[in-house]
Amino acid sequence: MTVPEGLSHSGNPEPSFVCRGQSRIEVFGKALSPRRRGRSFPEADSDIMKTALMRPSVRVFLVLAMLSCAVLRAQNVTSTTEMERQVFEWTNQERAKISAPPLKWSDRLAVAARLHSDEMAQHKDLSHQVQGEPVFTERLAERGARFSAAAENVGYGDEAEDLQSGWMHSPPHRANLLNPAYTEMGVGIVRSGDRLWATEDFATALQGSSDEFEQALVREISTRRTARKLAPLKATVSPALRQAACSGETSPKAAYAALPNRNMHAYAFNFTTPKADELPQVLVNRVLELPGGGYSLGACFSPGSGGMATYRALVLLYQ
């Protein structure tokens, strides 16, 4: 049994393995319940038990019964770390069925997920925001995750299979699992008694450092011109434009500081984007219209509200 976030649940979960307070031992054809906390065997049964325990064969039977129960219990318990990886693998198997790209495992998301699962277990509260916690995107950012989009599923159940099945049979949770826009995933499972509290976080990760993003922009512009059989433009990465981007400047006029010659005809752009291949259409049009020339650019990682993030870029085309 599993309960995903958004569904209420009352009552106790079913036992997830046998032998938990339910074993019975046959002694001379009489069923005797094992001793339970705060309760002794009835007097009518105590003499039979004492007599039975004096016989070696019965002592061996009882020891074997207890050992077999312990072994059975151990065989049915999987470490939560293994469960987390199982859920991750199952999710990519489901994504493969619809040709969605596989997710990469993120240690940062996994740490955030485990911490949240622990909070839910301690408070016995199935929620995306336990009392005293920030919103989930801020929780992810606090662990060092850098992303432009994110989603989260939470739930509790007896086994990892139950959790996965519950999420897959719930349309909104299934949509998060299979969304092709997400690139990374982290899973955190915490055991509290016989219940597993679980969180899985998904994110569209940013492409890297500001340097890496600038180089990705250069490659993207080159690729678009090559596809149109246009001559390459000379690219210059400008520290001044990166500084302007990092300052949070939103005006395209700031880009004119990188113009090599004041008499040159130029077009300035200032925009935000999480991916180098998602450029403003007006910039793409200008890139493809220029017969030749060059451009300067600078970009900077730009934290957004609620833990979300993107890049700010300034581009100056000239001829």
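All values reported here derive from a predicted model rather than from experimental measurement.

Peer 1: Can you explain the nonpolar core? Please cite residues and give values.
Peer 2: Counting residues in hydrophobic clusters, the biggest one holds 25 residues, and the most contacted among them are Leu217, Phe271, Leu283, Tyr295, Val315 and Leu317. Breaking this core down by element, the ones donating at least two residues are helix 8 (210–227), strand 9 (266–273), helix 10 (281–289), strand 10 (294–303) and strand 11 (309–318). Not counting residues up to four positions away in its chain, the partners in contact with Leu217 are Ala276, Leu279, Leu297, Ala299 and Ala313. Formed by 20 residues, the second largest nonpolar core is a distinct cluster that contains Leu163, Met168, Ile189 and Leu196.

Peer 1: Can you break down the side chain of Asn176 residue by residue, with the values?
Peer 2: Looking at the element boundaries, Asn176 is found in helix 7 (residues 171–178). Only 2.9 Å separates the side chain of Asn176 from the side chain of Asn153, close enough to count as a polar contact. Excluding its chain neighbours within four sequence positions, the residues that come into contact with Asn176 are Ala151, Glu152, Asn153, Tyr182 and Phe202.

Peer 1: Outline the pattern of salt bridges, supporting the account with residue identities and numerical values.
Peer 2: It is possible for side chains bearing opposite charge to pair when their charged atoms get close. Applying the stated criterion across every chain yields a total of 8 salt bridges. A salt bridge links Arg139 to Glu133; the shortest N-O distance between them is 3.8 Å. Judged by relative accessible area, Glu133 falls into the buried class, the value being 13%. Notably, a salt bridge pairs Arg224 with Glu220, separated by 2.8 Å at the nearest N-O pair. In this pair, Arg224 and Glu220 both sit in helix 8, 4 residues apart, roughly one turn of the helix. Counted as one network, the salt bridges with shared partners bring together Glu133, Arg139 and Glu152.

Peer 1: An account of the sheet that holds strand 10 is requested, with residue identities and associated values reported.
Peer 2: Consider a sheet: its strands pair through backbone hydrogen bonds, and that pairing is either parallel or antiparallel. If you walk across this open sheet you meet the 4 strands as 8-10-11-9, and the pairing is mixed. Every interior strand has two partners, whereas the edge strands, strand 8 (234–237) and strand 9, have only one. Here the strands of the sheet are splayed against their neighbours by 20° on average, with no regard to which way each runs. Note that strand 9 and strand 11 share 8 bridges and pair antiparallel. Bridge assignment links Tyr267 to a residue of strand 11, and that residue is Leu317. Packed onto the sheet, helix 10 meets strand 9 and strand 11 and runs at close to 140° relative to strand 9.

Rules behind the numbers
Residues numbered from 1 in each chain as written. Predicted model: local features only at pLDDT ≥ 70, side-chain atom pairs only at ≥ 80, totals over all residues. Heavy atoms only, no water. Core = buried A, V, L, I, M, F, W, Y, C linked by side-chain atoms within 4.5 Å. Buried < 20%, exposed > 50% of the residue type's maximum accessible area, 1.4 Å probe, protein only. Helix = DSSP H or I, 4+ residues; strand = E, 2+ residues; numbered from the N terminus. Contact = heavy atoms within 4.5 Å. Polar contact = N/O pair within 3.5 Å; in protein donor to acceptor, adjacent residues only side chain to side chain. Salt bridge = Lys/Arg side-chain N within 4 Å of Asp/Glu carboxyl O. Pairing = 2+ DSSP bridges. Axes fitted to C-alpha atoms, helices over the stretch in contact; angles between N-to-C directions.

So far we have only geometry, and geometry alone does not tell us how the molecule works.
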